[in-house]
Amino acid sequence: MKITAEKLPRSLLSLQIELDKDRLERGLDQAARRLSQKYPVPGFRPGKVPRFIIERTFGRGALIEEASEDLMNKALRDALKQENIQPVGPATLAEISSSEPFIFTVHVPVAPTVDVGDYRAIRVPLDIRPIDEETVDVAMETLRERHAVLKELDNPRPVQEGDHIRVRLDTIVDGALLVEREDGEAAPEHTLDVVAGRLVKELYAGLLGMHIGETKAITALMADDHPEERLRGKEVTFKVELLQIQERLLPDWDELPVLENFEGALEALRARTRAELEETARQEAERKALNAYIDQLVAQTSFDVPEVMIRELAEDLLEEEGQQFARYGITLEQLLEYRGQSRDQAIDAWMGEAERQTKINLAIREVLRREGLTVADAEIESEIGRIALDYAEEQRESVTELLRSNMRSTISTLVLDRKLRERLLAIAAGTAPTLDESAPSAPEARAPAPEEPAASP
Amino acid sequence: MPTPHEIIIRPLVTEKNTLLMEKNKYCFEVLRTASKPEIKHAVETIFDVTVTRVHTMNVRGKLKRRGRATGYTRDWKKAIVTLAPGDQIEIFGS
């Protein structure tokens, strides 16, 4: 077998393979047997027709055609083994240049070359949002609000600050209802807390002093950054009919620790709330920094990604989308029919996202390789112990057993993912250990799990 | 007298006859009235080979039924021709 390899762009390898005559003849013999099984020839039992009769009956061309797929598959497999090539996707047949001698060319996608450049020079400052007293106040107020009790009014009165009200509310923008409804259908009911800052200023002011049964049209100018796009910067009229007023009774501050099942005084609860807010702010900053680092990493990395790799991921993404809809009883076929898309069009629509994710994964994998991060058995054991602690005491033993046997590789990936995040953040902050110091020294250190770390943003 | 092409009606290519070809024997359907010498002459003339032996047999027609009606396919004559070593007939394609 003669093999000529040539590198093509986008990590494709062009392999021109010329088959030996013996190999071709063996392939043709097998193809003749297959043809004689498939197509009966008068005078012969199926599968018993000699090759020369097959050649005379169907022609040598048909025989070569029948043999070619099998021949090419086997020859390609042998060629990949012989040349020590690891394909990352299915090969595509480029051409069959000659049938005798049998020469064909295939394009094989191989692992892309990824150059992450000086990834250790990327710096992203960790910008942690400061937690001031006002933020803690708002959080404490939210905690208190969670335990508010609604009480019917003893004596009728107009709406006051802090009331919980039930209204029929129509929102009119540009002379039309924001939410259309059938003729004769009543306006939808809403419940509102009449608290300054929670409602649009004009609506809040308009609601104060209203009586049950009263109807009012309140006009307000909406902010330019309103979450509802149709309302941004528009003058909106709210047609309100007040149906019910309830008084919101907030617990005393001193009762809050008990209501929160917190053992300690209000100040201690406040300290815990502050610590939680600070932890959230830190996590948020780390997530942003990690995303920014990955964006910069991907931007400075040069890729040579084969199309087939991106396409495979796009297919997976489409399948994932299909599975999400399957939960609601909608099949992927129904979804595509509704969208008026063919499967190929739907895959094409995912190609951009798939390319982005592929690049992130490749860049991160390369960083992981260069950093030489590994997971030691002791680390897996410690993670298993930590996860088991989340379960009831009587379940811990069986959970530990399950995690040790079936989910060891998942746990390993989890630990590796966490170590990778920590390392990327350290690199971004300029505090990462030099590579010699960080090289794994534990004798039981394991190679990184084959799964990709899920560090995509 | 029939011509060689009238005597040799068609070659018989079957699993069994393919095996016979390894012994340099070729089978033909021949004219029912043809004699062995006539068959030998016809094969030698048409295929330009030397025939060393000729065996013939009359094959009786098979009983066939179509619904209630029964009948027979035609009787025919088979000839097995042995060629001289080194000769072969291209029409069989071996």
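Caption draft 1: A look at the nonpolar core. Core analysis: the biggest nonpolar cluster contains 46 residues, and Val116(A), Tyr119(A), Tyr293(A), Leu297(A) and Ile411(A) have the highest contact counts within it. Grouped together as the second largest cluster of nonpolar side chains are 31 residues, Leu13(A), Val41(A), Val110(A) and Val13(B) included.

Caption draft 2: Spotlight on the confidence of the model for chain A. All names here are of chain A. Residues with a pLDDT of 70 or more make up 95% of chain A, whose mean pLDDT is 86. Within chain A, no element has a lower average pLDDT than strand β12 (residues 445-446), which sits at 40, and none a higher one than helix α7 (residues 266-300), at 93. A low-confidence stretch, residues 439-457 (pLDDT under 50), is modelled with 45 contacts involving residues beyond four sequence positions or located in other chains.

Caption draft 3: Looking closely at the pairing of strand β2 (residues 12-18) of chain A. Residue and element names in this part refer to chain A. The pairing of strand β1 (residues 2-8) with β2 spans 7 bridges and is classified as antiparallel. Opposite glutamate 6, over in β2, you have serine 14 as the bridge partner. Here β1 hands over to β2 after 3 residues, with arginine 10 in that stretch at a positive phi of 60°. Note: β2 against strand β4 (residues 102-109), 7 bridges, orientation antiparallel. Following the sheet pairing, glutamate 18 is matched in β4 by isoleucine 103.

Caption draft 4: View of the environment of Pro433(A). Residue position: Pro433(A) is located in the loop between α13 (408-429) and α14 (435-438). Through-space distance from the C-alpha of Pro433(A) to that of Arg423(A) is 8.8 Å; in sequence the pair is 10 residues apart.

Caption draft 5: A look at the layout of surface pockets. Size it by volume and the largest pocket reaches roughly 350 Å³. Along the wall of the largest pocket there are 16 residues; nearest its centre are Arg10(B), Leu12(B), Val59(B), Lys62(B) and Trp76(B). If you list the elements that add at least two residues to the lining of the largest pocket, you get β1 (8-11), α2 (15-21) and β6 (76-83) of chain B. Broken down by class, the residue content of the lining of the largest pocket amounts to 5 nonpolar, 4 polar and 7 charged. Empty space within the second largest pocket amounts to approximately 270 Å³. Lining the second largest pocket are 13 residues, and of these Leu169(A), Thr171(A), Leu178(A), His190(A) and Phe238(A) lie nearest its centre. In terms of residues, the lining of the second largest pocket owes the most to one element, strand β6 (residues 164-173) of chain A, which gives 3 residues.

Caption draft 6: Region of the structure containing the sheet that holds strand β3 (residues 51-59) of chain B. All names here are of chain B. Taken in spatial order, the 4 strands line up as β1-β2-β6-β3 in an open sheet, and their pairing is antiparallel. Either end of the sheet is taken by a strand with one partner, and the two such strands are β1 and β3. Recorded for the sheet is a direction-independent mean angle of 30° between the axes of neighbouring strands. Where β1 meets strand β2 (residues 25-30), 3 bridges bridge the pair, whose relative direction is antiparallel. Bridge pairing in β2 places arginine 10 opposite glutamate 29. Sheet strands in contact with helix α3 (residues 36-47) are β1, β2, β3 and β6, and its direction is about 120° off that of β3.

Caption draft 7: View of the environment of Asp163(A). Residue and element names in this part refer to chain A. By the element assignment, aspartate 163 lies in the loop between β5 (149-152) and β6. For the pair aspartate 163 and isoleucine 245, spaced 82 residues apart in sequence, the C-alpha separation works out to 6.7 Å. Every residue in contact with aspartate 163, bar those within four places of it in the chain, is listed here: Arg157, Pro158, Leu192, Asp193, Val194, Ile245, Gln246, Glu247 and Arg248. Engagement of the side chain of aspartate 163 in a polar contact is seen with the side chain of arginine 157, the distance being 2.8 Å.

Conventions and cut-offs
Residues numbered from 1 in each chain as written. Chains lettered and ligands numbered in written order. Predicted model: local features only at pLDDT ≥ 70, side-chain atom pairs only at ≥ 80, totals over all residues. Heavy atoms only, no water. Core = buried A, V, L, I, M, F, W, Y, C linked by side-chain atoms within 4.5 Å. Buried < 20%, exposed > 50% of the residue type's maximum accessible area, 1.4 Å probe, protein only. pLDDT = per-residue confidence, 0-100. Helix = DSSP H or I, 4+ residues; strand = E, 2+ residues; numbered from the N terminus. Contact = heavy atoms within 4.5 Å. Pairing = 2+ DSSP bridges. 1 Å grid on protein atoms, 1.4 Å probe; cavity = no way out; pocket = protein on both sides within 12 Å on 5 of 7 lines; lining within 4 Å. Points joined across faces, edges and corners; volume = space filled by probe spheres on them. Nonpolar A, V, L, I, M, F, W, Y, C, P; charged D, E, K, R; others polar. Axes fitted to C-alpha atoms, helices over the stretch in contact; angles between N-to-C directions. Polar contact = N/O pair within 3.5 Å; in protein donor to acceptor, adjacent residues only side chain to side chain.

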